[in-house]
Amino acid sequence: MRNYDNFINGKFTPSTGRERITCINPSTGDAICTAPDSTPADVEEAISAASAAQKSWARRPAVERAQALRAIAAKIRENVEPLARLITEEQGKTLGLARVEVAFTADYMDYMAEWARRIEGEILESDRPGETILLFRQAIGVIGGILPWNFPFFLIARKAAPALVTGNTIVLKPSEETPHNAVKFCELMAMTDLPPGVINIVHGRGAGAGKALCASPKIGMISFTGSVETGSAIMAAAAPNITKLNLELGGKAPAIVMADADLAMAVKAVTASRVINSGQVCNCAERIYVQGKIADEFTEKLAAAMQATRCGNPLADAAADYGPLINQAGYNKVEALVRGALAEGATLVTGGQRHELEGGYYYQPTVLADCRQDMEIVRKEIFGPVIPVVKFDDLDQAIDFANDSDYGLTSSIYTRDLNTALRACQEIHFGETYINRENFEAMQGFHAGVRKSGIGGADGKHGLYEFTQTHVVYMQRG
Ligand code: NAD
């Protein structure tokens with residue numbers, strides 16, 4: 001078993017502490033590797049390295065910074081297969097999805113590199129004679145990036161690429177569940193000309209290394225992807241320094257299925273969305289609202305489609321549609337939510353049990369009918385292959401149900417009627433709405449949530465500019 005180190009100032013660097021975290025394959029329970037549970041001193045060392053590198057990095061022309069992103073993207077493309085295998089091994093997604101994640105990560109770095117020649121300031125009209133007003137977009141400084149485990153490799157790029165092209169340097173903390181892919185990212189990065197200190201990676205738990213990163217006065221912005229609870233803790237840690245925050249938090253995506261919908265399309269899309277990555281995706285359909293007159297037919301078809309999905313160990317079973325849940329805690333949460341829903345009056349249509357596969361945290365594809373808006377399973381993020389179905393009477397009620405949530409990341413509606421779709425888009429208060437399809441979002445979009453789903457967002461021009469700060473200069477002619 002390999003024991004890995006942090007990556008600080010261009011070198012693999014042992015932790016100053018002795019605590020280590022063992023990374024487990026969720027498909028088998030086998031140990032894969034260990035990574036340090038970094039100390040505040042390790043985090044401080046990484047921040048100092050990033051801080052020392054930032055000024056000269058920002059002075060380079062943006063096209064040069066973009067070249068560095070492209071060089072890493074090229075290394076990633078040369079290593080799609082080994083990277084996909086180790087992502088699958090430590091995270092449990094299918095190899096097909098892991099390959100998509102790796103390829104998308106390289107594409108994302110290239111996409112952000114393309115912004116180098118498009119970062120624009122403004123010239124503003126002045127009220128004063130002889131004055132010119134210039135608005136610059138400048139780097140913030142050192143970014144702290146904190147990552148979840150569900151798309152661990154892609155999230156490195158989603159934080160680092162916009163940070164670097166705009167002249168920032170970064171300290172990343174991967175999830176303690178998935179350190180291995182981040183180590184491999186560092187190995188590939190070390191083969192390029194990226195200057196030391198521009199990207200640093202420290203491993204460890206949230207309460208130690210994560211908190212130290214968020215509480216540092218030398219961090220210009222924390223860009224975090226993860227749960228609402230952790231987002232709230234990060235806000236508290238960042239509060240004394242008034243550190244800027246970019247928070248991509250959880251979701252509870254409603255999917256509204258109108259009576260006029262193409263049912264086959266809706267069933268296929270919802271099923272795929274619910275089993276991809278074992279249902280552990282912030283924007284997969286988490287609660288289905290079905291118009292009363294088609295509810296029985298839809299639920300029957302959905303149950304058949306879910307039953308037909310194949311759960312398997314993704315490294316051993318190439319035909320598997322989905323693998324295990326990430327860990328015992330994730331498994332327990334799914335099981336408790338299903339049990340609670342049944343106790344509250346939901347009807348089990350299919351699933352509802354541990355999957356018969358041994359060794360990992362496997363859960364059966366599950367459909368629950370007769371769910372109500374007040375049930376926990378309709379209100380809390382499930383993060384498993386489980387679909388609660390709620391009936392509604394008309395569009396007004398469906399929109400009210402959708403909006404009645406702590407979350408506001410993504411949503412979807414299935415209808416053949418343009419007016420229905422447009423009304424839903426105008427009245428559903430979410431960061432994203434998909435019409436006649438489910439996730440995923442595009443890199444040129446803007447992935448952002450309302451309510452407790454976050455602050456700010458990622459991707460596209462708006463996501464890029466989150467990593468800049470404005471500087472306005474007033475120039476008076478003599
Ligand atoms: P999590 O919040 O448990 O952990 C995420 C990261 O935060 C980990 O690296 C963890 O070590 C760190 N952390 C924990 N406590 C911390 C603290 N006090 N201070 C600083 N860092 C701390 O989330 P997770 O279980 O890894 O990921 C699943 C969650 O992520 C789900 O809620 C999902 O919806 C969300 N997510 C959101 C998006 C999005 O784009 N909005 C994308 C992917 C995942």
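In this text, all values refer to a predicted model and were calculated from it rather than measured experimentally.

Participant: Can you walk me through the packing of aromatic side chains in this structure?
Facilitator: Think of a pair of aromatic rings as described by two things: how far the centres are apart, and how the planes are tilted against each other in angle. All told, the structure shown has 11 aromatic pairs when counted by the stated rule. Relative to Phe-12, the ring of Phe-7 lies with its centre 5.0 Å away and its plane at 70°, an arrangement referred to as edge-to-face. Between Phe-153 and Phe-185 the ring centres are 6.0 Å apart and the planes differ by 70°, which places this aromatic pair in the edge-to-face class. Pair noted here: Phe-153 is in helix H5 (residues 152–165) and Phe-185 is in helix H6 (residues 180–190), with a separation of 32 residues, a long-range link. The ring of Tyr-331 is capped by Arg-354, whose NZ or CZ atom sits 4.3 Å from the centre of that ring. Sitting over the ring of Phe-430, Arg-451 keeps its end group 5.0 Å from the ring centre.

Participant: Looking at this model, I keep getting lost on the pairing of strand E17 (residues 386–392). Mind explaining?
Facilitator: It is a general feature of regular strands that their side chains alternate between the two faces of the sheet. Most of E17 is tucked away, with six of its seven residues classed as buried. Bridge analysis of strand E14 (residues 285–291) against E17 gives four bridges, and the strand direction is parallel. Opposite Val-290, over in E17, you have Lys-391 as the bridge partner. Inspection of the sheet shows strand E16 (residues 366–369) paired to E17 by three bridges, in the parallel sense. Among the inter-strand pairings, Leu-368 is bridged to a residue of E17, identified as Pro-388.

Participant: For this particular structure, what's the right way to read the site of the ligand?
Facilitator: Looking at the ligand, there are 30 residues lining it, with Glu-176, Ser-227, Thr-230, Leu-249 and Glu-381 nearest. Take Glu-381: an N or O atom from its side chain is 2.5 Å from an oxygen atom of the ligand. Burial of the ligand by the protein amounts to 87% of the accessible area it has alone, namely 850 Å². Looking at the shell around the ligand, the elements that each hand over two or more residues are helix H7 (206–215), strand E11 (221–225) and helix H8 (228–238). The element best represented in the shell around the ligand is H7, accounting for four residues. Structurally, the shell around the ligand is a two-domain feature, drawing no fewer than three residues from each of domain 1 (2–249 + 452–476) and domain 2 (253–440).

Participant: Can you help me understand the sheet that holds strand E23 (residues 468–476) in this one?
Facilitator: The strands making up a sheet are joined through hydrogen bonds of the backbone, oriented either antiparallel or parallel. Read across the open sheet, the three strands follow the order E6-E7-E23; overall the sheet is antiparallel. This sheet does not close on itself; its edge strands, each paired only once, are strand E6 (122–124) and E23. Along the sheet, successive strands turn relative to each other by an average axial angle of 25°, direction set aside. In this sheet, E23 lies alongside strand E7 (residues 131–139) in antiparallel orientation, the contact comprising nine bridges. Residue pairing for E23: Leu-134 is matched across the bridge by Val-473.

Participant: Which parts of the structure should I look at to understand unusual backbone geometry?
Facilitator: Where the residue is not glycine, phi is negative for most of them; where a peptide bond is considered, it is trans in most cases. Along the chain, Asn-439 connects to Phe-440 via a cis peptide bond; the corresponding omega equals 25°. Tracing the chain through its elements places Phe-440 in the loop between strand E19 (432–435) and strand E20 (447–448). Non-glycine residue Asn-277 carries a positive phi angle of around 55°. Secondary-structure assignment places Asn-277 in the loop between helix H9 (263–275) and E14. The class for Asn-277 is buried, based on a relative accessible area of 3%. Of note in the backbone geometry, Arg-451 takes a positive phi value of approximately 50° without being a glycine.

Participant: Where do I start with the side chain of Thr-243 in this structure?
Facilitator: With respect to the helices, strands and loops of the structure, Thr-243 is situated in the loop between H8 and strand E12 (244–248). If we skip the residues at most four places from it in the chain, Thr-243 touches Ser-216, Ile-219, Gly-220, Met-221, Ile-222 and Ala-238.

Participant: Hey, could you run me through the pattern of salt bridges in this one?
Facilitator: Opposite charge on two side chains permits them to pair, given that their charged atoms come into close proximity. Evaluated as defined, the whole model comprises 24 salt bridges. Note that Asp-317 and Arg-310 form a salt bridge whose closest N and O atoms lie 2.9 Å from each other. The partly exposed category is assigned to Arg-310, whose relative accessible area is 42%. We note a salt bridge from Arg-423 to Glu-427, for which the minimum N-O separation is 3.2 Å. Of the two residues, Arg-423 and Glu-427 are both situated in helix H14 (residues 418–427); the distance of four residues between them amounts to about one turn of the helix. With a relative accessible area of 31%, Glu-427 lands in the partly exposed category.

Participant: Can you help me understand the domain arrangement of the protein chain in this one?
Facilitator: Note on interface size: it is often stated as the accessible area lost on association of the parts. In terms of domain boundaries, the protein chain breaks down into domain 1 (2–249 + 452–476) and domain 2 (253–440). Between domain 1 and domain 2, the residue contacts involve 22 residues of the former and 27 residues of the latter. A combined buried area of about 2000 Å² lies between domain 1 and domain 2, and 59% of that area is made up of carbon and sulfur atoms. The interface formed by domain 1 and domain 2 contains one salt bridge. Asp-406 is paired through a salt bridge with Lys-452; the nearest N and O atoms lie 3.7 Å apart. At the junction of domain 1 and domain 2, the tally comes to nine residue pairs in polar contact (both at pLDDT 80 or more). Sorting elements by how many residues they give to the side of domain 1 that touches domain 2 places helix H3 (residues 80–91) first, with five residues. Across the side of domain 1 that touches domain 2, the residue classes break down as seven nonpolar, nine polar and six charged.

Rules used throughout
- Residues numbered from 1 in each chain as written.
- Predicted model: local features only at pLDDT ≥ 70, side-chain atom pairs only at ≥ 80, totals over all residues.
- Heavy atoms only, no water.
- Phe/Tyr/Trp six-rings, centres within 6.5 Å; stacked < 30°, edge-to-face > 60°.
- Helix = DSSP H or I, 4+ residues; strand = E, 2+ residues; numbered from the N terminus.
- Lys NZ or Arg CZ within 6 Å of the ring centre and 35° of its normal.
- Buried < 20%, exposed > 50% of the residue type's maximum accessible area, 1.4 Å probe, protein only.
- Pairing = 2+ DSSP bridges.
- Near = heavy atom within 4 Å.
- Polar contact = N/O pair within 3.5 Å; in protein donor to acceptor, adjacent residues only side chain to side chain.
- Areas by Shrake-Rupley, 256 points an atom, 1.4 Å probe, with all protein chains shown as cover.
- Domains from an automatic or database assignment.
- Axes fitted to C-alpha atoms, helices over the stretch in contact; angles between N-to-C directions.
- Contact = heavy atoms within 4.5 Å.
- Salt bridge = Lys/Arg side-chain N within 4 Å of Asp/Glu carboxyl O.
- Buried area = accessible area lost by both parts, 1.4 Å probe.
- Nonpolar A, V, L, I, M, F, W, Y, C, P; charged D, E, K, R; others polar.

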